[in-house]
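Architecture at a glance
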Amino acid sequence: MIAIIDYGVGNLFSLTASLRYLGAEAVVTGKKEDIEAADRIILPGVGAFEDAIAKLRDTGLVETIVNETAKGKPLLGICLGMQLLFQESREYGVHEGLGLIKGVIAPIDEDLKAEGIEGLKVPHIGWNALSFESDEPLFKYIKQGDCVYYVHSFYGKDCEESIIASSMYGIRITGAVRNGKVYGTQFHPEKSGEVGLNILKAFMEV
């Protein structure tokens, strides 16, 4: 059973529908006992980091998430859910994250300007080719250059040891990270068609 953590940030319908299409037993929950009983955890999220981490802490589930991943239970953070895995975010201030992935969440537009790159819109919205580590289990059912769907204004930075996939959008955008069995995707697999379904299928097997 896969526990999709519901802490009040985002529409979970597409993710739940994708998992059930793949034959997974998926439950949307904010209950500690469900997360502890699950085989895998998914942490979704859209919106602002500060608001999301506050809501997640309000649920009292932060300790549960950290404890369950410490036991080796696979976790997948999606979009803002991936960003919450990091040590901190620099989205309109400095905010502490879950600390499961070393690195920071930084604004895309500042780094585009620093590189003298103009003409690219932020938020970064759309389909981009994925480049990934060839032996990474999360990507065993897809091929280099397959496209995935992004919607974000901030991205993972200073996290080279954890990067398992990236896309180019003027600069190198962190597409996915991993620390042990803690995974994160900046893109939305549930909105990435067949490619995304194959990534979710692989997560069901890690």
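Predicted, not measured: the structure shown is a model, and the values here were computed from it.

Rules behind the numbers
Residues numbered from 1 in each chain as written. Predicted model: local features only at pLDDT ≥ 70, side-chain atom pairs only at ≥ 80, totals over all residues. Heavy atoms only, no water. Phe/Tyr/Trp six-rings, centres within 6.5 Å; stacked < 30°, edge-to-face > 60°. Helix = DSSP H or I, 4+ residues; strand = E, 2+ residues; numbered from the N terminus. Lys NZ or Arg CZ within 6 Å of the ring centre and 35° of its normal. Core = buried A, V, L, I, M, F, W, Y, C linked by side-chain atoms within 4.5 Å. Buried < 20%, exposed > 50% of the residue type's maximum accessible area, 1.4 Å probe, protein only. Contact = heavy atoms within 4.5 Å. Pairing = 2+ DSSP bridges. UniProt positions renumbered as here; feature names shortened; annotations may be inferred. 1 Å grid on protein atoms, 1.4 Å probe; cavity = no way out; pocket = protein on both sides within 12 Å on 5 of 7 lines; lining within 4 Å.

1. Description of the packing of aromatic side chains
- In this structure the tally under the stated criterion is 5 aromatic pairs.
- An angle of 80° between the planes, with centres 6.3 Å apart, marks the rings of Tyr 183 and Phe 203 as edge-to-face. You can see Tyr 183 sitting in strand 14 (residues 182–185) and its partner Phe 203 sitting in helix 7 (residues 193–203), a full 20 residues away along the chain.
- The positively charged end of Lys 201 is found above the aromatic ring belonging to Tyr 141, 4.4 Å away from the centroid.

2. Points about unusual backbone geometry
- With an omega of 10°, the peptide bond running from Val 122 to Pro 123 counts as cis.
- Here Pro 123 lies in the loop between helix 6 (108–114) and strand 8 (124–129).
- For Cys 79, which is not glycine, the phi torsion reads 55° and is therefore positive.
- The residue Cys 79 is located in the loop between strand 4 (75–78) and helix 5 (80–84) in this model.

3. Topic: the nonpolar core
- Leu 19, Ile 42, Leu 130, Phe 139, Phe 187 and Ile 199 are the most contacted members of the largest nonpolar core, which has 34 residues in total.
- Looking at this core, the element that brings in the most residues is helix 7, giving 4 residues.
- Every residue in contact with Ile 42, bar those within four places of it in the chain, is listed here: Ile 2, Ala 3, Ile 4, Ile 5, Leu 15, Leu 19, Leu 76, Ile 78 and Phe 203.
- In this structure, Ile 41, Leu 43, Leu 85 and Phe 154 belong to the second largest nonpolar core, which totals 29 residues.

4. Here's the deal with the sheet that holds strand 7 (residues 101–107)
- Pairing within the open sheet is mixed, and its 4 strands lie in the order 6-5-7-11. Two strands close off the open sheet at either side, each with one partner strand: strand 6 (95–96) and strand 11 (154–157).
- With 4 bridges connecting them, strand 7 and strand 11 associate as antiparallel partners. Across the sheet, residue Val 104 finds its bridge partner in strand 11, namely Lys 157.

5. Brief notes about the UniProt feature "active site" (unreviewed entry) in the protein chain
- Under the feature "active site" (unreviewed entry), the UniProt entry names Cys 79, His 188 and Glu 190. Taking the farthest pair of C-alpha atoms as the criterion, the annotated set spanning 112 residues converges on one region, since that pair is 10.8 Å apart. Checking the named residues against the largest pocket, the ones that line it are His 188 and Glu 190.
- Its relative accessible area of 5% is what places Cys 79 among the buried residues.
- The contact partners of Cys 79, leaving out residues within four places of it in the chain, are Gly 45, Val 151, Thr 185, Gln 186, Phe 187 and His 188.

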